[in-house]
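Coordinate inspection notes
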Amino acid sequence: MSGAPNPLRVAIIGAGPAAFYAADHILKQSSSAEVDMFDRLPTPFGLVRHGVAPDHQKIKSVVKGFAAVATSPRFRFYGNVEFGRDVDLDGLARHYHQVLFATGAQTDRRMNIPGEDLAGSYPATEFVAWYNGHPAYRDEAFDLQTPAAVVVGVGNVAIDVARMLSLEEHELAATDMARHAVAALARSQVRDVYVLGRRGPAQAAFTTPELKELSELSNVDLVIDPAEAALDALSAAELERANDPVLRRKVELIQSLATRPPAGRPRRLHLRFLVSPETLIDDGHGRVAAVCLARNELVGSETGSLSAKPTGATETIAAGIVFRSVGYRGVPLPGVPFDTRWGVVANVAGRVCSPETHELVPGLYTAGWIKRGPSGVIGTNKADAVETVHAMLADAEAGLTLDPAQPTAAAADEYVCRCCARPVSFADWQRLDALEVEAGARAGCPRVKFASVTTMLAALAGEGGPAGN
Ligand code: NAP
């Protein structure tokens, strides 16, 4: 790195998978670069902790690799430090040559239909954050005292939500689901969950293992209408053209599950296709009572993919709670150019740019969902982060960086400690982690999560553990 500043000092905002993959690559590719990673929460790992389903522990083992990155003497974690509240771009630009934004997609997309804001209608993103113990959602209350729930969308998040609504208490308690959510779901009256796909089986966004998992739930009948599982002529032709064995297997599994007779289990999960919610119907007191659905057919579109068009036929499903799981959306960061159309930081292959002119902003970069939008699995973020880091190191070589007045680790630390009352280090996190795992061992689950910042900081001060949250 001959032309680059030495050491190259990098701030990463966000501590999810994209952030850790980027830090790892920077530290490996440059023997002198120093990385400080910031997160508004005291805990690292982003969606691995607050997005991945509690019963998918294997996926979460990816954090072992992230923890190994944190052992580098050239890496520091500053948890409980929020960009825009505690630190800002001007402050960071005094201490770092480059700033990488990897803040993920923190909010939800809307359906834009009447009744969407009635009580009982929620974004799936909030439900997921709540059951995974995200401190900002600890006090949400989801009214589950209704026999039927609707989940709109057929992506993997919708499947996660439907599964969490369908598992029995002992199954939930054996996971690392936040204890407040286990208690609330144990009291749930929901017995029928309707998952709604606006297009057909060949266009479903969920993946085959996730569907298979639904079909194997012990107390749940998975109900699929064979007529909705059948392919229309356009989808059949599309499937033929795609010649994609993975997609073909998924469609075959859907069709074979549709022929399975219900076993009379106590819960039912209805996987529907070719239906779109048109209106959420008010019970007269401002709460959702039912969902009016339009039946759809598929038609060709300008983009080449098949899109849903209402046939004019409608039906109504009685349900007291509705989760829209129609995609996440990025949130703008103060002072960072944002592309409002796509809900991402404006960028060209990870280099931040003006959304209007595409002119590059030296020293600013982005990776992960806030760079490309909310798609792909955790591993997808590795290649994404590597692309950005290549750009960062090439720019550093070319001298295209910020021009920090005080580019030292000590000055940066002084700045952060001045701005935030209690930054949480990686060693602090490891103490919280150990307390969570210990509490989990006592409770017979992988960990009992701290679900509030106050209890985390109290535990770091030696007062109490996660059970008291
Ligand atoms: P997603 O995969 O993009 O799925 C969004 C779903 O919402 C699609 O079925 C989409 O249908 C539907 N939709 C969008 N707008 C709609 C509307 N107005 N009305 C009705 N339906 C609408 O998003 P996601 O489920 O939030 O997942 C995000 C990413 O995380 C995905 O890449 C996913 O695979 C990944 N993830 C993976 C796992 C796992 O590996 N187990 C778990 C969770 C999430 P159309 O196709 O018709 O647009």
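Further up the page is the structure itself.
One structure accompanies this document, and this report is about it. (Residues numbered from 1 in each chain as written. Predicted model: local features only at pLDDT ≥ 70, side-chain atom pairs only at ≥ 80, totals over all residues. Heavy atoms only, no water.)

1. Let's talk about the pattern of salt bridges
Should their charged atoms come close, side chains of opposite charge can pair. Applying the stated criterion to the full structure yields 33 salt bridges. A salt bridge links E34 to R9, with the shortest nitrogen-to-oxygen separation between them at 2.7 Å. Highlighted residues: E34 in strand β2 (residues 34-38) and R9 in strand β1 (residues 9-13), separated in sequence by 25 residues. Given a relative accessible area of 22%, E34 falls into the partly exposed group. A residue is classified by how much of its surface remains accessible, and R9, at 0% relative accessible area, is buried. Among the salt bridges present, the one from R163 reaches E213, with a minimum N-O distance of 3.6 Å. Highlighted residues: R163 in helix α7 (residues 156-166) and E213 in helix α10 (residues 208-215), separated in sequence by 50 residues. Relative accessible area serves as the criterion here: at 0%, R163 is assigned to the buried category. Judged by relative accessible area, which is 22%, E213 ranks as partly exposed. (Salt bridge = Lys/Arg side-chain N within 4 Å of Asp/Glu carboxyl O. Helix = DSSP H or I, 4+ residues; strand = E, 2+ residues; numbered from the N terminus. Buried < 20%, exposed > 50% of the residue type's maximum accessible area, 1.4 Å probe, protein only.)

2. Things to note about the sheet that holds strand β6 (residues 121-123)
The parallel open sheet is built from 6 strands, whose spatial order is β6-β14-β7-β8-β10-β9. On the outer flanks of this sheet lie β6 and β9 (220-223), each paired with one strand and no other. Averaged over all neighbouring strand pairs, the angle between strand axes comes to 20°, with direction disregarded. Where β9 and strand β10 (residues 267-272) come together, 4 bridges link them in parallel fashion. Residue pairing in the sheet places L222 in a bridge with L269 of β10. Against the sheet, helix α6 (residues 124-131) contacts β6 and β14 (321-324), and its axis sits at roughly 75° relative to β6. (Pairing = 2+ DSSP bridges. Axes fitted to C-alpha atoms, helices over the stretch in contact; angles between N-to-C directions. Contact = heavy atoms within 4.5 Å.)

3. Here's the deal with the site of the ligand
The immediate surroundings of the ligand are formed by 20 residues, with V157, R198, R199, E210 and G376 found nearest. Within the contact set of the ligand, an oxygen atom lies 2.7 Å away from a side-chain nitrogen or oxygen of R198. G376 is positioned with one of its backbone polar atoms (N or O) 2.7 Å from an oxygen atom of the ligand. When the ligand sits alone it has 920 Å² of accessible area, and the protein chains cover 79% of it. Sort the elements by how many residues they give to the shell around the ligand and α7 lands first, with 3 residues. Classifying every residue of the shell around the ligand gives 9 nonpolar, 7 polar and 4 charged. (Near = heavy atom within 4 Å. Polar contact = N/O pair within 3.5 Å; in protein donor to acceptor, adjacent residues only side chain to side chain. Areas by Shrake-Rupley, 256 points an atom, 1.4 Å probe, with all protein chains shown as cover. Nonpolar A, V, L, I, M, F, W, Y, C, P; charged D, E, K, R; others polar.)

4. Some remarks on the sheet that holds strand β12 (residues 288-300)
Here 3 strands make up an open sheet; going across it, the order is β11-β12-β13 and the pairing antiparallel. Edge strands, defined here as strands with exactly one partner in the open sheet, are β11 (275-282) and β13 (306-318). Adjacent strand axes in the sheet meet at a mean angle of 25° when their direction is disregarded. By the bridge criterion, 10 bridges tie β12 to β13 in an arrangement that is antiparallel. Note on β13: the bridge partner recorded for N296 is P310. Strands β12 and β13 of the sheet are contacted by helix α12 (residues 233-242), whose axis makes an angle of about 65° with β12.

5. Observations regarding the packing of aromatic side chains
If you walk through the whole model with that rule in mind, you get 20 aromatic pairs. Between F20 and F66, the ring centres sit 5.2 Å apart and the planes meet at 15°, which makes this aromatic pair stacked. Highlighted residues: F20 in helix α1 (residues 17-29) and F66 in helix α4 (residues 63-69), separated in sequence by 46 residues. As far as burial versus exposure is concerned, F20 and F66 are alike and both buried. Put simply, the rings of F20, Y21, F45, F66, F75, F77, F426 and W429 pair up and form one aromatic cluster. The aromatic ring of Y415 is capped on one face by R94, whose charged end is 5.8 Å from the ring centroid. Over the ring of F206 we find K250, and its NZ or CZ is 5.4 Å from the ring centre. (Phe/Tyr/Trp six-rings, centres within 6.5 Å; stacked < 30°, edge-to-face > 60°. Lys NZ or Arg CZ within 6 Å of the ring centre and 35° of its normal.)

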